[in-house]
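# Observations on chain architecture
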Amino acid sequence: MAGRSKVAQEAFDIAEPIVKALGFDLVDCEYKKEGQYYFLRIFIDKRGGIGIDDCEAVSREVDKALEGKIHADPDYFEVSSPGATRPFSSLSDYVRHQGEEIEVSLFSAVDGSKHLEGIIDQATEEKLVLDTGSGKIELQWDKIAKAQRTIRF
């Protein structure tokens, strides 16, 4: 992912196979200073969402693997869910949430609208197929400005 620091990328590369082996997707990694402390955070996800037990299991395994292998010594290491309303940033986000409802903002209007809601029918390297309830719409990735899960209470 563009914009990831060198330390975050090192941690991502080490953590990814471990996270995958535990049955989760590694969504992102960040290394940043907050106040006087440095935080290394990894964000994991899975179909159905992430719980505290998931974060603990990943934290135990990844923390051991990172020891002495990255060019930094963070004050804090955290494992977290990316959050329910985080915008999708990769094909794996769409695949993980296939069958779920999402909101899509487009760069240019389709059928008079730059905003669509629907259920992910299919997500491939080439396109996203969205079932809007009144039909299926195929969207090329370069047409999508932003997409995220629809949250209803």
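Not measured: the values here are computed from a predicted model. (Residues numbered from 1 in each chain as written. Predicted model: local features only at pLDDT ≥ 70, side-chain atom pairs only at ≥ 80, totals over all residues. Heavy atoms only, no water.)

### Things to note about the state of the cysteines
Tallied over the full model, the rule gives zero disulfides. The closest cysteine sulfur to the non-disulfide-bonded Cys29 is located on Cys55, 14 Å from its own sulfur. In this structure Cys29 comes out as buried when scored by relative accessible area, which is 3%. (Disulfide = S-S within 2.5 Å. Buried < 20%, exposed > 50% of the residue type's maximum accessible area, 1.4 Å probe, protein only.)

### Some points on the packing of aromatic side chains
Per the stated rule, a full pass over the model turns up five aromatic pairs. Plain terms: the ring middles of Tyr31 and Tyr38 are 5.5 Å apart, the flat faces sit at 15 degrees to each other, and that makes the pair stacked. Residue Tyr38 is classed as partly exposed on the basis of its relative accessible area of 33%. Three or more aromatic residues joined by ring pairs form one cluster here, namely Tyr37, Phe39 and Tyr76. (Phe/Tyr/Trp six-rings, centres within 6.5 Å; stacked < 30°, edge-to-face > 60°.)

### Some details on the pairing of strand 5 (residues 113-123)
Where strand 4 (residues 101-110) meets strand 5, six bridges bridge the pair, whose relative direction is antiparallel. Following the sheet pairing, Glu103 is matched in strand 5 by Glu117. The hairpin turn running from strand 4 into strand 5, its antiparallel successor, is two residues long, and Asp111 in that turn takes a positive phi close to 50 degrees. Two strands pair when backbone bridges link them, and strand 5 and strand 6 (residues 127-131) are joined in this way by four bridges, in the antiparallel orientation. Following the sheet pairing, Ile120 is matched in strand 6 by Leu130. (Pairing = 2+ DSSP bridges. Helix = DSSP H or I, 4+ residues; strand = E, 2+ residues; numbered from the N terminus.)

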